[in-house]
Amino acid sequence: MKKHFVAALLLLFSATTAFADEGMWLLPYIQKLNITDMKAKGLKLEAEDIYSADKSSLKDAIVIFGGGCTGEVVSDQGLVFTNHHCGYGAIQQHSSVEHDYLKDGFWANSFKEEIPTPGLQVTFIRRIEDVTDKVLNKVKEDMSLEKRNQLIEKNIEKLTEKVELGVGESVQVQSMFGGNMYILFVKQVFTDVRMVGAPPSSIGKFGGDTDNWMWPRHTGDFSIFRIYADKNNNPAAYSEDNVPYKPEKWLPVSISGIKENDYAMIMGFPGSTQRYMTSYEIDRVLDVTNPIRIKCRGVRQDVLMKDMMADPKIKIQYASKYAGSSNYWKNAIGESRGLRRLNVKGAKQAIENSFTEWVNASPERVKLYGNALNDIKNSVDSSLNYEMQIMYLSETLYTIEIVNLAYRTIMSGLDKALEKGEDTKAIAARLKETFSNLYKDINIPTDKKVAKAMIELYMADVDKQYWPSALSLIAEKADGSVDKAVDYLYNNSIFASEDKLMAFLDNPTKEALENDYAYIAAKSLNEKIREVAPKRGGSEAYANAHRLYVKGLMEQNPDKVYYPDANFTIRLTYGNVLPYKAADAVNYDYRTTIKGIIEKEDPNNAYEFTVPEKLKELYKAGDYGRYGEDGTLYVNFITNNDITGGNSGSPMINGKGELIGLAFDGNWEAMSGDIAFEPELQRCIAVDIRYVLFIIDKYAGCTRLIDELDIVK
């Protein structure tokens, strides 16, 4: 009798308990998979306190913050904590030379002073359901890929049509285990989110790029926002009549402190891991993806930093863009280092060899799984050239601001509407609003420097046969000179001037757009991407081979409990507060203190290591209030929780369900962790919640926020 994959998986779940700090676990299964181990590590709660389908639980205090971070509700008035780097775009959005909240911080001393932040939203997960049986209904292994995918899409469509939704709710069915499992999520989005508080960057971003991904850390990486709702507590567009949201659940805040081996768990939205990646894909990361990202971003960041250091206005304009770019630039450097140093490829090859031996021992397994690894290898090998093209296009030419602006007109459908002679007023109005917000953070002379550097790099590294047609056209106009080509581009594009672009949108014409060189460049880039992207390696053949490989691995190892790769769905990870040994004779403690901030102050690197005078005064006086411990103030700590990008801002929760910190980073020695978890090395870095409260209370004097929290000891 043939068992359905999920039925077999649930049978495995019921018979097996996970014993590992590794794992980003799906909430509906913690009762079956994790609760015994969680309690052994120090959890005092029941599984239903963490996740319940029938009543409020900790899950209901966790939100997607913006488009790529996590936040947590910490009061009965919709107050949300997240990381400073997660709120960075909003802080920058509200900053100006006159009111530089990035430099000076911001604290709202009343509800009226809380700043509306257009475009920012938070998302709650209201319902989670395993719908694998419904999605894979009538799906068979002997189906063609096309028929299989069509049937799955049809089943999902039928399923989602029947889901009853409330105000601001939507439904999403997410694939897990490469398409072997499907989970339904009902989400509720709130769009009136207001900025409440943020420390200056000298606290919230202390250490800058130098300390990023490093331990020990001394960063107060937090910011504060509030969710607003209509009078019925439902999501609503911004209105002066909106009121603070009344949540189903919020987290109490503990100031009792942490000790080595204390239980710690994180709930959040990890973005992406590739724990089932093969050795062939690791070659692609090491030889193509990361080297291109590192090189291109390094060149662009050098250009941006020079202009940022020369002009306070430009520094504000490009602060968020630079931070976002440099974060994954350094991540790529560390990941490549970790993959080589820890021989992750060798470990993957050992798994693959064992898998192949297991498959070959059974004719039935050979029939089902025999081609999986070879199909993955062939897909990767055939896609390397296309991967290179995509990476160079996205990391160079797409970073040119005026080309990106022109690309947005294509995505809006303005060009198609003009071509068909349709009414473009609505499209033009939306674009005007979008562009007015974007131009605020663009300095055309800076963008022109970036364009010259990026085009020069692209032309030097990429064979001419792969160039977008517009690049050759513009180069011809300038006799092959990059400087002349860029001058020509900026002198002949309405996108290089906000006034000209807005005037065009007042009366858009097909001829004006089609003759614009930024538009020509963007259209050419779009055509090249559309040509190359399907061949990049995400083909249906690869997806099916990956699905079979993951399915086979789980069948091969029935006593091992597996978890799906991160895909920005809500997960739980748990472990303990622990130090680690980074290298021979290099042993790191599990927490840092305010003394380390003072010791790191560097007048020669004021951009990254400035210490505010008031913080120094509080340190000298030892004035830590109830947030200190044993005569000092703890700043950051580490645990062995399994996290990745997207977990930024996630709550670090103790065994009683109380907030003890905010997760914000990983450590340099385990940067390959998205591909292979390293239990002895991998650590999650969190800001101690007592340091957060100290900054709010003693440093900023914003006691109204302290009074709003449920503080426990």
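Structural data are supplied above this passage.
Note that this is a predicted model, so its numbers are computed, not measured.

### Considerations on the nonpolar core
Counting 108 residues, the largest nonpolar core has Ile50, Phe81, Met265, Leu615, Tyr691 and Ile696 as its most contacted members. Examining the composition of this core, we find that 8 residues originate from one element, helix H28 (residues 689–699), more than from any other. Discounting residues that sit within four places of it in the chain, leucine 615 has contacts with Ile203, Ile594, Ile597, Tyr691, Phe694, Ile695 and Tyr699. One finds Tyr318, Leu414, Leu501 and Leu513 within the second-largest nonpolar core, a separate group that totals 66 residues.

### Some points on the packing of helix H8 (residues 145–161) against helix H25 (residues 540–556)
Two elements in contact, H8 and H25, have axes whose closest approach is 11 Å; the angle formed by their N-to-C orientations is 75 degrees. Taken together, the axes of H8 and H25 lie roughly perpendicular to each other. Seen from H8, the contacting residues are Leu145, Glu146, Arg148 and Asn149; seen from H25, they are Glu540, Ala541, Asn544 and Arg547. Its residues placed into classes, the contact of H8 with H25 shows 2 nonpolar, 2 polar and 4 charged.

### Description of the environment of threonine 399
Turning to its location among the elements, threonine 399 is positioned in the loop between helix H15 (372–395) and helix H16 (401–412). It is 8.1 Å that separates the C-alpha atoms of threonine 399 and valine 450, two residues lying 51 residues apart in sequence. For threonine 399, the residues in contact, after removing those within four places along its chain, are Arg300, Ser394, Asp447, Val450 and Met454. Engagement of the side chain of threonine 399 in a polar contact is seen with the backbone oxygen of threonine 396, the distance being 2.6 Å.

### Observations concerning the packing of helix H11 (residues 279–310) against helix H13 (residues 344–360)
Helix packing geometry: the angle between the two helix axes and the distance between the axes. Across the interface, H11 lies against H13 with an axial gap of 8 Å and an inter-helix angle of 160 degrees. One element, H11, and the other, H13, form an angle in the roughly antiparallel class. Residues Ser279, Tyr280, Ile282 and Asp283 of H11 form the contact with H13, whose participating residues are Val344, Lys345, Lys348, Gln349 and Glu352.

### A word on the packing of aromatic side chains
For the structure on display, the rule yields 20 aromatic pairs. Judged by centre distance (6.4 Å) and plane angle (45 degrees), the ring pair of tryptophan 107 and phenylalanine 222 falls under tilted. One end of the pair, tryptophan 107, is in strand E4 (residues 106–107); the other, phenylalanine 222, is in the loop between helix H10 (208–211) and strand E10 (223–229), with 115 residues separating them in the sequence. For the ring pair phenylalanine 206 and phenylalanine 609, a centre distance of 5.5 Å and an interplane angle of 90 degrees mean the geometry is edge-to-face. Of the two residues, phenylalanine 206 is situated in the loop between helix H9 (201–204) and H10 and phenylalanine 609 in the loop between helix H26 (594–600) and helix H27 (613–621); the sequence distance between them amounts to 403 residues. With respect to burial, phenylalanine 206 and phenylalanine 609 carry one shared label: buried. The cationic tip of arginine 194 hangs over the ring face of tyrosine 228; the distance from NZ or CZ to the ring centre is 3.6 Å. Cation over ring: lysine 321 sits above tyrosine 318, and NZ or CZ is 4.6 Å from the ring centre.

### Topic: empty space enclosed by the protein
A probe as big as a water molecule, rolled over the atoms, marks out the empty space that is left. As enumerated under the stated definition, the model contains 2 cavities of 30 Å³ or more in all. Taken as a whole, the largest cavity holds about 160 Å³ of empty space. Around the largest cavity sit 15 residues that line it, and Leu397, Ile455, Leu471, Ile474 and Ala521 are the ones nearest its centre. For the lining of the largest cavity, the secondary-structure elements that each account for two or more residues are helix H19 (444–461), helix H20 (469–477), helix H21 (482–491) and helix H24 (517–532). Here the lining of the largest cavity gets 4 residues from one element, more than from any other, and that element is H20. Grouping the amino acids of the lining of the largest cavity by side-chain chemistry returns 14 nonpolar, 1 polar and no charged.

### Observations regarding the pattern of salt bridges
In this structure the tally under the stated criterion is 38 salt bridges. Taking the shortest distance from any N to any O, the salt bridge between aspartate 441 and lysine 440 comes out at 3.8 Å. For aspartate 441, a relative accessible area of 12% translates into the label buried. Salt bridges sharing partners connect three or more residues here, namely Lys259, Arg591, Glu629, Asp688 and Arg690.

### Focus on the state of the cysteines
Each disulfide consists of a covalent bond between the sulfur atoms of two cysteine residues. Across all of its chains, the model carries 1 disulfide by this definition. One disulfide in the model links cysteine 69 with cysteine 86; its S-S distance is 2.2 Å. As the torsion about the S-S bond is roughly -80 degrees, the cysteine 69-cysteine 86 disulfide counts as left-handed. Of this pair, cysteine 69 sits in strand E2 (residues 69–73) while cysteine 86 sits in helix H5 (residues 84–93), and the two are 17 residues apart along the sequence.

### As for the pairing of E2
Along E2, 5 of the 5 residues are buried, which leaves the element largely enclosed by surrounding structure. Where burial is concerned, the two faces of E2 agree: the one with Cys69, Gly71 and Val73 and the one with Thr70 and Glu72 are both buried. Joining the antiparallel neighbours strand E1 (residues 62–65) and E2 is a turn of 3 residues, in which glycine 66 adopts a positive phi near 65 degrees. Connecting E2 to the antiparallel partner strand E3 (residues 79–82) that follows it, the hairpin turn spans 5 residues, and glycine 78 within it adopts a positive phi of roughly 75 degrees.

### Focus on the pairing of strand E18 (residues 634–639)
Most of E18 sits inside the fold, with 6 of its 6 residues counted as buried. With 2 bridges joining them, strand E17 (residues 591–593) and E18 adopt antiparallel strand pairing. Of the residues in E18, the one forming a bridge with threonine 593 is tyrosine 634. Pairing of E18 with strand E21 (residues 684–688), which is carried by 4 bridges, proceeds in the antiparallel orientation. Each residue of the ladder has a partner; that of phenylalanine 637, found in E21, is alanine 686.

Each value, and the rule that gives it
- Residues numbered from 1 in each chain as written.
- Predicted model: local features only at pLDDT ≥ 70, side-chain atom pairs only at ≥ 80, totals over all residues.
- Heavy atoms only, no water.
- Core = buried A, V, L, I, M, F, W, Y, C linked by side-chain atoms within 4.5 Å.
- Buried < 20%, exposed > 50% of the residue type's maximum accessible area, 1.4 Å probe, protein only.
- Helix = DSSP H or I, 4+ residues; strand = E, 2+ residues; numbered from the N terminus.
- Contact = heavy atoms within 4.5 Å.
- Axes fitted to C-alpha atoms, helices over the stretch in contact; angles between N-to-C directions.
- Parallel < 35°, antiparallel > 145°, perpendicular 65-115°, else oblique.
- Nonpolar A, V, L, I, M, F, W, Y, C, P; charged D, E, K, R; others polar.
- Polar contact = N/O pair within 3.5 Å; in protein donor to acceptor, adjacent residues only side chain to side chain.
- Phe/Tyr/Trp six-rings, centres within 6.5 Å; stacked < 30°, edge-to-face > 60°.
- Lys NZ or Arg CZ within 6 Å of the ring centre and 35° of its normal.
- 1 Å grid on protein atoms, 1.4 Å probe; cavity = no way out; pocket = protein on both sides within 12 Å on 5 of 7 lines; lining within 4 Å.
- Points joined across faces, edges and corners; volume = space filled by probe spheres on them.
- Salt bridge = Lys/Arg side-chain N within 4 Å of Asp/Glu carboxyl O.
- Disulfide = S-S within 2.5 Å.
- Pairing = 2+ DSSP bridges.

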